[in-house]
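Coordinate inspection notes
Below, each chain spelled out in residue letters.
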Amino acid sequence: MIRTARSGAVLEIVIDNPPVNALGAEVRSGLVAAIAEAEADAGVSAIVITGAGKFFSAGADIAEFGKGMADPQLPEVCLAIEHCLKPVVAAINGTALGGGLEVTLACDYRVSAGGAKLGLPEVKLGLLPGAGGTQRLPRLVGVTAALQMIVSGEPVSAARAAEIGLVDIVVDGDPLQAAVDMAGSSLSPRPISTAPVAGDLAEIDAFVAANPRLFKGLEAPKACLEVIKAAITLSGADGFATERRLFLALLASDQSKALRHAFFAERAAGKIDGLPNDAAPRTIARVGIIGAGTMGGGIGMNFLSAAVPVTMVETNGEALERGAALIRKNYDATAAKGRLTAGQVEAAMALLHPTLDFAALGACDLVIEAIYENMEVKKEVFARLAAFAKPGAILASNTSYLDVNEIAACTQRPQDVLGLHFFSPANVMKLVEVVRGRETAPDVLATAMALAQKIGKVPVVAGVCYGFIGNRMLIPRQDNALALVMEGASPEQIDKVHTDFGMPMGPFQMTDLAGVDIGWHRDPDRIDTLKDALCAQGRWGQKTGAGFYDYDAKRQRSSSPLVASLIEEFRARENITPRAIDDEEIIVRTLYTMVNEGAKILEEGIAQRSSDIDVVWLFGYGWPRYTGGPMFWASQVGLAKIVAALDRYADRAPGFAVSALLRDLAAKGEGFA
Ligand code: 3H9
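Residues numbered from 1 in each chain as written. Predicted model: local features only at pLDDT ≥ 70, side-chain atom pairs only at ≥ 80, totals over all residues.

**Notes on the packing of helix α19 (residues 491-501) against helix α20 (residues 507-514)**
Remark: α19 packs on α20, axes separated minimally by 7 Å, with the N-to-C direction vectors making an angle of 100°. Taken as axis vectors, α19 and α20 run roughly perpendicular relative to one another. From α19, Pro491, Ile494, Asp495 and His498 reach across to α20, where they touch Pro507, Phe508 and Gln509. Here the contact of α19 with α20 is built from residues that sort into 4 nonpolar, 2 polar and 1 charged. (Axes fitted to C-alpha atoms, helices over the stretch in contact; angles between N-to-C directions. Helix = DSSP H or I, 4+ residues; strand = E, 2+ residues; numbered from the N terminus. Parallel < 35°, antiparallel > 145°, perpendicular 65-115°, else oblique. Contact = placed C-beta atoms within 7 Å. Nonpolar A, V, L, I, M, F, W, Y, C, P; charged D, E, K, R; others polar.)

Put into structure tokens, the structure is as follows:
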């Protein structure tokens, strides 16, 4: 865990704890022992601390949180380093995050590799830097630069670190030798804690005013401000004590537990249960996309951006041209925001091969069908595709709901077929549901997972069922939202309950965005439901300027008196006397019912683990990360409470049944794992 070596009079201390050199108990005690050894050894004049491999250290061992951490605690380790009478130099060989960066702040000098990233991402785990980082960083780089790093949690490059004074020198390649040379050059200790803080409280106010979005709904960023305030206004010792107190309070908070859950859930989602070890991924050198619509184009962009050539096929020239033009427009818009260079745009576009020749897909190693949702058409396309796709090429459907087994069955190579369900806009949203068909080969699954990660997505494995994980859970939510409107709630009230909960939009706002006409029978004379009535009037959502809400030219939403009277008309038609509906009922019927559906999805083995369901909602629908996702949130609410509430409203929800798994866990007083 901790190795030491001598280089003349310099003691090198190496943190060697793969995969990321996390600062677990053994590393902490090893560091303290190594510093003590150096202090005691008259032959040692200076110390260098570095990391083995490509990380300096990713910080505290997050898996230890909540289990009770053994002594010495990290703040004590940092104090031992800072109080050492011999100069200590950090050789930042690679990424230094959280407690890892705090260790370097306890050193007297910092030498960094050019490629290293340095950051304090604790806030993303609902925490604050708890090993002196909030007290030392403002003393080293000033209040504003410290606020930026601590409250945003975003890392800085080595070059930027040098600019703000976070590191003393940046070297090309391995910084260890440079640090050893520096340490051997009769340095004096230079503890940061005794220096004054450069900056004042006004900088905090200015930062808050400029960055309101960093604080929305979250506890940790506010606590970060408080500790930086303490650094400015209190004595050193009181500042450190404030940091410790607030760190421990955050550690015990629901938000931090949820955010830590989300961290591990995201990583667990990439692992496939029961996959044989020999399922090595297939090589994907060229991807084919069938359909140049918004979805096909968005999917294609992911590959183009990752330097994978794309063949995009359409049946009509105009649609093909429109699709290619849309891709260029999206890239140009990104370039205009300064996030891509013109050269990068051209490089991506050069990899796009738009064609009307279906046979061109024969050169592709993976073909993704992204046409409209119609089983017969999809089956036809797959039968045709399977006939001349390369042997071993993977055939994927971007279907959102349809039966992947049925699609696979018409190909005579069902082992090569799976679902790759991207979320709209596909070039932005990180979630991909990887739908495992009955006969999907293990290496096809492994390829899809690896490829999704390569293009920066978060893949989650789902089994075959109507709507897979995410959209299946939307069904009870949307059905109940509509039923609640008929019973007396307004779309505005329901949407507000969801946005207050932290969702980016409510059920009706989402319907307007996706299109009220999705799934509509398209017969304007047949009006069975409120949605039929909206569609018949051309209120198809944002795209037509009206849906459940009215929209102006800038897509700003306002309530629609017309929709309100349509709702009244429908209630009268069905002899419903509207009643007052409280927000609690909305939560039970639109959120608890989703949890119930999630439990059924688990029960049926459609999802591998409850945390995968959380990942689907965090990355596919913007579920507030600080609640951990629907299943984690439900466990925090208490499953017994959820079951009791669902039972209370069961008669109001048609065809509704509480999941046996949910009932069972609730009875045992357990949560989802
Ligand atoms: C802190 O430091 C608090 C202090 O201020 C105060 C304390 C008193 N701990 O992401 P990857 C695992 S809070 C434990 O796939 P990458 C990860 O789960 C901490 N485990 O690789 C995965 O395991 P598995 C502040 C960790 O190259 C494996 O390592 N630090 C930790 O894409 C590989 O991870 C952070 O918040 C950890 N700290 O990205 C940094 N970090 O293979 C959190 C990683 O079993 N970490 N693991 O699934 C990261 O941001 C990324 O992991 C990192 C590497 C950029 C480092």
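Here the narrative resumes.
**Here we look at the site of the ligand**
In the vicinity of the ligand, 24 residues are found, and the nearest of them are Gly59, Ala60, Gly98, Gly99 and Gly130. Considered class by class, the residues forming the shell around the ligand number 14 nonpolar, 6 polar and 4 charged. (Near = placed C-beta within 6 Å.)

**Observations concerning unusual backbone geometry**
Geometrically, the link from Asp71 to Pro72 is a cis peptide bond, its omega value of -5° lying close to zero. Tracing the sequence through the fold places Pro72 in the loop between β4 (55-57) and α2 (74-83). Cis peptide bonds are those with omega within 30 degrees of zero, and the linkage from Ser424 to Pro425 qualifies with -5°. Along the chain, Pro425 turns up in the loop between β16 (417-422) and β17 (431-435). If you check the backbone angles, Gln412 has positive phi at about 60° while not being a glycine. The topology assignment puts Gln412 in the loop between α16 (404-409) and β16. Note on Gln412: 10 C-beta atoms within 10 Å, which makes it exposed. Of note, Asn575 is a non-glycine position whose phi angle comes to about 55°, a positive value. Along the polypeptide, Asn575 turns up in the loop between α22 (561-573) and α23 (583-603). (Buried ≥ 20, exposed ≤ 12 C-beta atoms within 10 Å, placed from the backbone.)

**Some thoughts on the domain arrangement of the protein chain**
What the domain assignment lists for the protein chain is domain 1 (2-252), domain 2 (287-466) and domain 3 (489-573). Between the C-alpha centres of domain 1 and domain 3 the distance comes to 51 Å. (Domains from an automatic or database assignment.)

**A word on the sheet that holds β17**
Spatially, β13-β12-β11-β14-β15-β16-β17-β18 is the arrangement adopted by the 8 strands of the open sheet, whose pairing is mixed. In the strand order of this sheet, the two ends are held by β13 (352-355) and β18 (458-462), each with one partner. Strand-to-strand twist of the sheet, defined as the mean angle between neighbouring strand axes without regard to direction, takes the value 25°. As defined by bridge partners, strand β11 (residues 287-290) adjoins strand β14 (residues 366-369) across 4 bridges and the pair is classed as parallel. What sits directly across from Ile290, in β14, is Glu369. The strands touched by helix α17 (residues 442-454) within the sheet are β15 (394-397), β16, β17 and β18, with β17 carrying the most contacts at an inclination of about 175°. (Pairing = 2+ DSSP bridges.)

**Section: the packing of α23 against helix α25 (residues 630-637)**
Contact pair α23 / α25: the axes reach a minimum separation of 10 Å and the direction vectors enclose 110°. Regarding the angle of α23 to α25, the classification is roughly perpendicular. In this structure, α23 crosses over α25, and the sense of that crossing is left-handed. In this structure, α23 uses Met594, Val595 and Gly598 to contact α25, whose residues at the interface are Pro630, Met631 and Ala634. Its residues assigned to classes, the contact of α23 with α25 shows 5 nonpolar, 1 polar and no charged. (Left-handed = near helix turned anticlockwise from the far one by under 90°.)

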